[in-house]
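Structural description and commentary
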Amino acid sequence: MSRPHNGSATAAEFPWDQVQQLDYQDANTGSIAQACHAMIFAKTEAKFVSQLPCKAWVLMQMRFDGKLGFPGGVVSDQAIPDTTLEDGLNREMEEELALDMSRFAFSKKHYVVSHFCPKANLILNFYAQEVTEQEFKEIEGNALRAEEYGHECLGIVRIPLFTLQDGHNGLPVFLQNQFAGTSILQVIVGLCTHNLMKPDELNTAMAVLPRHQG
Ligand code: GTP
Ligand code: MN
Ligand code: MN
Ligand code: MN
Ligand code: MN
Ligand code: MN
């Protein structure tokens, strides 16, 4: 693995052993920078292509660097002092998604997990918020009006949470994208924490990868 682990990785390449899980930190960690990203999702009965059930819509973004990631960003840097991690996250959610803060502000109750990447000297905090299907569609539609749309954010995407009959298309193919930072780890933790996918379903999707590459 030559890529630095804060760079990007597909699920198959991710250097799982180089990232430490941390407890919740406060906003001031001195010389260690922090970022906060968040997963917005809606449980749904709606069917995907080929009438497959999918359990949930999960929002990610196509970033300016061509990688997939969650909306969010660096918090508590010198230029923009955020009082708390959640203040910083909410500022980024407004910039990148134009998220309506009167209804969808993130708070500590949405916190999921933090990871520390020693090489990048960066703590990556992760949050998740469940919304209704109607709210999810509104959030998606509104995102095109975000200040960063067309700049940091080049598109809003949903994760295909299903595998087609061929055992390959759908989630296994999606997992071959390049994911920013530790976002592939956050996808997995987020889906499992919120019961959107069972660990063995995810294992199956990931196990398919190397055999089908190329
Ligand atoms: P700038 O304002 O340009 O600094 O962008 P930003 O504040 O929005 O920061 P960004 O979202 O790019 O996140 C900062 C760093 O975290 C990036 O350099 C990536 O390595 C990493 N990163 C980006 N997206 C994600 C994500 O969804 N999850 C995780 N864990 N890391 C991410
Ligand atoms: Mn940003
Ligand atoms: Mn960002
Ligand atoms: Mn930023
Ligand atoms: Mn920015
Ligand atoms: Mn920028």
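Starting from 1, residues in each chain are numbered consecutively following that chain's sequence as written. Ligands are numbered from 1 and chains lettered from A, in the order in which they are written. Restriction of local features to residues with pLDDT of at least 70 applies here, the model being predicted, together with a cutoff of 80 or more for giving and counting side-chain atom pairs; totals for whole chains, interfaces and linings are based on all residues. The side-chain values count all of the structure's non-hydrogen atoms but skip hydrogen atoms and water molecules.

**Some details on unusual backbone geometry**
Counted only if it meets this: Put simply, DSSP H or I for four residues or longer makes a helix, DSSP E for two residues or longer makes a strand, and each gets a number counted from the N terminus. Note on exposure labels: buried denotes an accessible area under 20% of the residue type's maximum, exposed denotes more than 50%, and partly exposed covers the range between, all computed with a 1.4 Å probe on protein chains only.
In this structure, A98 takes a positive phi of about 50° despite not being glycine. Tracing the backbone shows A98 in the loop between helix 1 (85–97) and helix 2 (101–104). Residues other than glycine seldom take positive phi values, yet N195 does so here, at roughly 60°. Checked against the element boundaries, N195 lands in the loop between helix 5 (183–193) and helix 6 (199–207). N195 sits in the exposed class, given a relative accessible area of 61%.

**Digging into the site of ligand 1**
To keep it simple, the criterion reads: Proximity criterion: a residue is near a molecule or strand once any of its heavy atoms comes within 4 Å of it. Two N or O atoms form a polar contact when they lie within 3.5 Å of each other; inside protein one atom must be a possible hydrogen donor and the other a possible acceptor, and for residues adjacent in sequence the pair counts only when both atoms belong to side chains. All accessible areas in this document rest on Shrake-Rupley with a 1.4 Å probe, and a residue is counted as covered only by the protein chains that are shown.
In the vicinity of ligand 1 there are 17 residues, among which F70, V74, E96, T182 and Q186 approach most closely. Between ligand 1 and Q186 there is a distance of 2.6 Å, counted from a nitrogen atom to a side-chain nitrogen or oxygen. Out of a free accessible area of 630 Å², ligand 1 has 77% covered by protein chains. At the level of elements, strand 6 (72–75), helix 1 and helix 5 are the ones that each hand at least two residues to the shell around ligand 1. Looking at which element gives the most residues to the shell around ligand 1, the answer is strand 6, with three residues.

**A word on the pattern of salt bridges**
Operational definition: Throughout this description, the term salt bridge denotes a Lys or Arg side-chain nitrogen within 4 Å of a carboxyl oxygen of Asp or Glu.
This model, assessed by the stated rule, comprises eight salt bridges. Between R91 and E95 there is a salt bridge, and its shortest N-O distance comes to 3.1 Å. Taken as a pair, R91 and E95 lie in helix 1 at a separation of four residues, close to a single helical turn. By relative accessible area, R91 is classed as buried at 15%. Taken together, the salt bridges that share partners define one network made up of R91, E92 and E95.

**Some words on helix 3 (residues 133–143)**
Threshold: Taken from the helix axis, the directions to the C-beta atoms give the arc we talk about. Here, two residues are considered to be in contact whenever any of their heavy atoms come within 4.5 Å of each other.
Residues of helix 3 that are buried include every one of F136, I139, E140 and A143, and no others. For helix 3, the angular spread of the buried residues around the axis is 100°, confining them to a single face. The inward-facing, buried residues of helix 3 abut strand 3 (33–43), strand 4 (56–63), helix 1, helix 2 and strand 9 (153–158).

**Observations concerning helix 1**
For the record, the criterion: Helices are assigned an expected span. That span is 1.5 Å times one less than the residue count.
Between its terminal C-alpha atoms helix 1 stretches 17 Å, which fits the 18 Å expected from 13 residues at 1.5 Å a residue. Judged by how many residues are buried, helix 1 sits mostly within the fold: 11 of 13 residues are covered. Those residues of helix 1 not exposed but buried are L85, E86, G88, L89, N90, R91, E92, M93, E95, E96 and L97.

**Examining the environment of D100**
Along the chain, D100 turns up in the loop between helix 1 and helix 2. As a C-alpha pair, D100 and E138 span 38 residues in sequence and 9.9 Å in three-dimensional space.

**A few points about the packing of helix 5 against helix 6**
Defined as follows: Angles run from 0 to 180 degrees between N-to-C directions of axes, and those axes are lines fitted to C-alpha atoms, restricted for helices to the stretch in contact. When an angle is under 35 degrees it counts as roughly parallel; over 145 it counts as roughly antiparallel; between 65 and 115 it counts as roughly perpendicular; any other value is oblique.
Where helix 5 meets helix 6, the axes come as close as 10 Å, and the angle between the chain directions of the two elements is 150°. Classified by the angle their axes make, helix 5 and helix 6 are roughly antiparallel. Counted together, I188, L191 and C192 of helix 5 and P199, L202 and M206 of helix 6 form the full contact between these two elements.

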